Each structure stands twice: as structure tokens, then as C-alpha cells.
Amino acid sequence: MIGRLPKADWNRTDAIEMLVYDPPSKERKRNDAYTKVIGVYTIGDLMTWPAPIVVYQDMRYSSPLNVALSIVGNALLADRHRRLIRLRKEMQDMEAGRLPTDAKRLKANRAEVDRMLRLIHKDAPPDELVKDLCEGNIAIFNAHKVLHPDPKKLDAMARKLSQSKCR
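Residues numbered from 1 in each chain as written. Predicted model: local features only at pLDDT ≥ 70, side-chain atom pairs only at ≥ 80, totals over all residues. Heavy atoms only, no water.

## Remarks on the overall build of the chain
Argument step 1. Along the backbone of the chain there are 4 helices and 3 strands.
Argument step 2. In the chain, the succession of helices and strands from N to C terminus is β-β-β-α-α-α-α.
Argument step 3. Along the longest, intermediate and shortest principal axes, the C-alpha atoms of the chain span 55 × 40 × 30 Å.
Argument step 4. Burial status across the chain gives 38% buried among its 167 residues. (Helix = DSSP H or I, 4+ residues; strand = E, 2+ residues; numbered from the N terminus. Buried < 20%, exposed > 50% of the residue type's maximum accessible area, 1.4 Å probe, protein only.)

## Digging into the sheet that holds strand S3 (residues 53-55)
Argument step 1. The 3 strands lie next to each other as S1-S3-S2, forming an open sheet whose pairing is mixed. Sheet topology places strand S1 (19-21) and strand S2 (39-41) at the edges, where each strand pairs with a single neighbour. This sheet shows a mean twist of 25° between the axes of neighbouring strands, independent of strand direction.
Argument step 2. Pairing geometry for S1 and S3, over 3 bridges, is parallel. (Pairing = 2+ DSSP bridges. Axes fitted to C-alpha atoms, helices over the stretch in contact; angles between N-to-C directions.)

## Brief notes about the packing of helix H1 (residues 64-95) against helix H3 (residues 126-147)
Between two packed helices, both the angle of their axes relative to each other and the distance between the axes serve to describe the pair.
Argument step 1. Their axes nearest at 9 Å, the elements H1 and H3 cross at an angle of 140°. If you check the angle between H1 and H3, you find them oblique. Classified by chirality, the crossing of H3 by H1 is right-handed. Here Leu65, Ala68, Leu69, Val72, Gly73, Leu76 and Arg80 of H1 come into contact with H3, specifically with Asp132, Glu135, Gly136, Ala139, Ile140, Ala143, His144 and Leu147.
Argument step 2. Residues of the contact of H1 with H3, tallied by class, amount to 9 nonpolar, 3 polar and 3 charged. (Parallel < 35°, antiparallel > 145°, perpendicular 65-115°, else oblique. Left-handed = near helix turned anticlockwise from the far one by under 90°. Contact = heavy atoms within 4.5 Å. Nonpolar A, V, L, I, M, F, W, Y, C, P; charged D, E, K, R; others polar.)

## A look at helix H2 (residues 103-120)
Argument step 1. Look at H2: 26 Å from first C-alpha to last across 18 residues, which is about the 26 Å you get at 1.5 Å a residue.
Argument step 2. Taken as a whole, H2 has its buried residues at Leu106, Asn109, Val113, Met116, Leu117 and Leu119. Projected down its long axis, H2 shows its buried positions confined to an angular sector of 155°, all on one face. Every exposed residue of H2 that faces more than 90 degrees away from the buried side is listed here: Ala103, Lys104 and Lys107.
Argument step 3. Phi turns positive, to about 60°, at lysine 122, one or two residues after H2. (Expected span 1.5 Å × (residues − 1). Arc of directions from axis to C-beta.)

## Observations concerning the side chain of serine 70
Argument step 1. Turning to its location among the elements, serine 70 is positioned in helix H1.
Argument step 2. In this view, serine 70 contacts Ile38 and Gly39; residues no more than four positions away in its chain are not counted.

## Observations concerning helix H4 (residues 151-163)
Argument step 1. Between the first and last C-alpha of H4 there are 18 Å, a value that for 13 residues agrees with the 18 Å anticipated at 1.5 Å per step.
Argument step 2. Along H4, the residues that are buried comprise Leu154, Met157 and Leu161. Down the axis, H4 shows its buried residues gathered within 65° of arc, on one side only. Structural note: H4 exposes Pro151, Lys152, Lys160 and Gln163 on the side pointing more than 90 degrees away from its buried face.
Argument step 3. The secondary structure elements touched by the buried residues of H4 are H3.
Argument step 4. With a side-chain oxygen lying 3.0 Å from the backbone nitrogen of lysine 152, the N-terminal cap of H4 falls on aspartate 150.
Argument step 5. Lysine 165 lies just past H4 and shows a positive phi near 60°. (Polar contact = N/O pair within 3.5 Å; in protein donor to acceptor, adjacent residues only side chain to side chain.)

This is the structure we're talking about:
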């Protein structure tokens, strides 16, 4: 289903390289709120990419559409993670003299890295967190339009986006 999505600025599914299936079991170590969602992009080391989407739900009870939509939402996080690593590497290369130092670019990179870290750690200002949540919900909405254009479902999603001030 992911392969049917168009190349678009909201579709970052190319950033997903790994899915790990961790279904419910007595042996599973994690059993918190994350285990109630289909998948979670799980960053271990901030400087190691790619990180996996860990799928916690029993796939016998998940629809392919919902799994695809979860991948679309998590792909935004994976793309941010990839960009974070690129920016940090560029900053390190400038600071070490491997790249020409561009003070303006270095300052912009630092600001963007700080912003992305705040979003990853969920300690960004509320307006940034809402904007981030909206970006994910809009991507999911756009993917839903392509993969399962059910007018009633899309109308309900559009209303929810409007109520959340995402549109």
C-alpha cells in the first residue's frame, strides 16, 4: 500500500527502512501506552539511523490500511531523525575544518537541531508540539485519501483537522 502513495512533501515513507514486530506476549518487556498503538518509531541512539518502527499490536487484529497509515505518520519522525544526524554531522565537519565554516549556516543548523531535539524529547513549546502533531495528522489524512477514499471517513478526519486548527 505504501508503494501506491505519490511522491509528495507529506510522504516521507522512504525514510523507513526497518519494521520490528514485538507482538503481545508474556515475555515482552514493554507494556505501556506505546503498546496500544500499531507502531512507534523508536530511536535508541540519536546518532544512529535508521531506527526501527516497532509494531506492538497483534497483526491479526490490525488492518493493512491502519498499518500503512501508522508507517506514514512514523515516517515523519524517521525523516526528522535522518535530518538531525545530517545537520549534526555537517556542524561537526565545519567545527573540525573538514568543511568551510559558514557562521550563518552553523547558527541555523544549531537552531534547527535544537528544535528537532525538543520535538523528539517532547519538551518543545505547546505551539511547536501542536504544529508537529498536525503535520503527522495531515500526512495521514493525505495518505488515507489515496489508499481508502471513503467520503464519510475523510469528512470526519477533515472535521477533526479543522477542530484541531490543523487546516
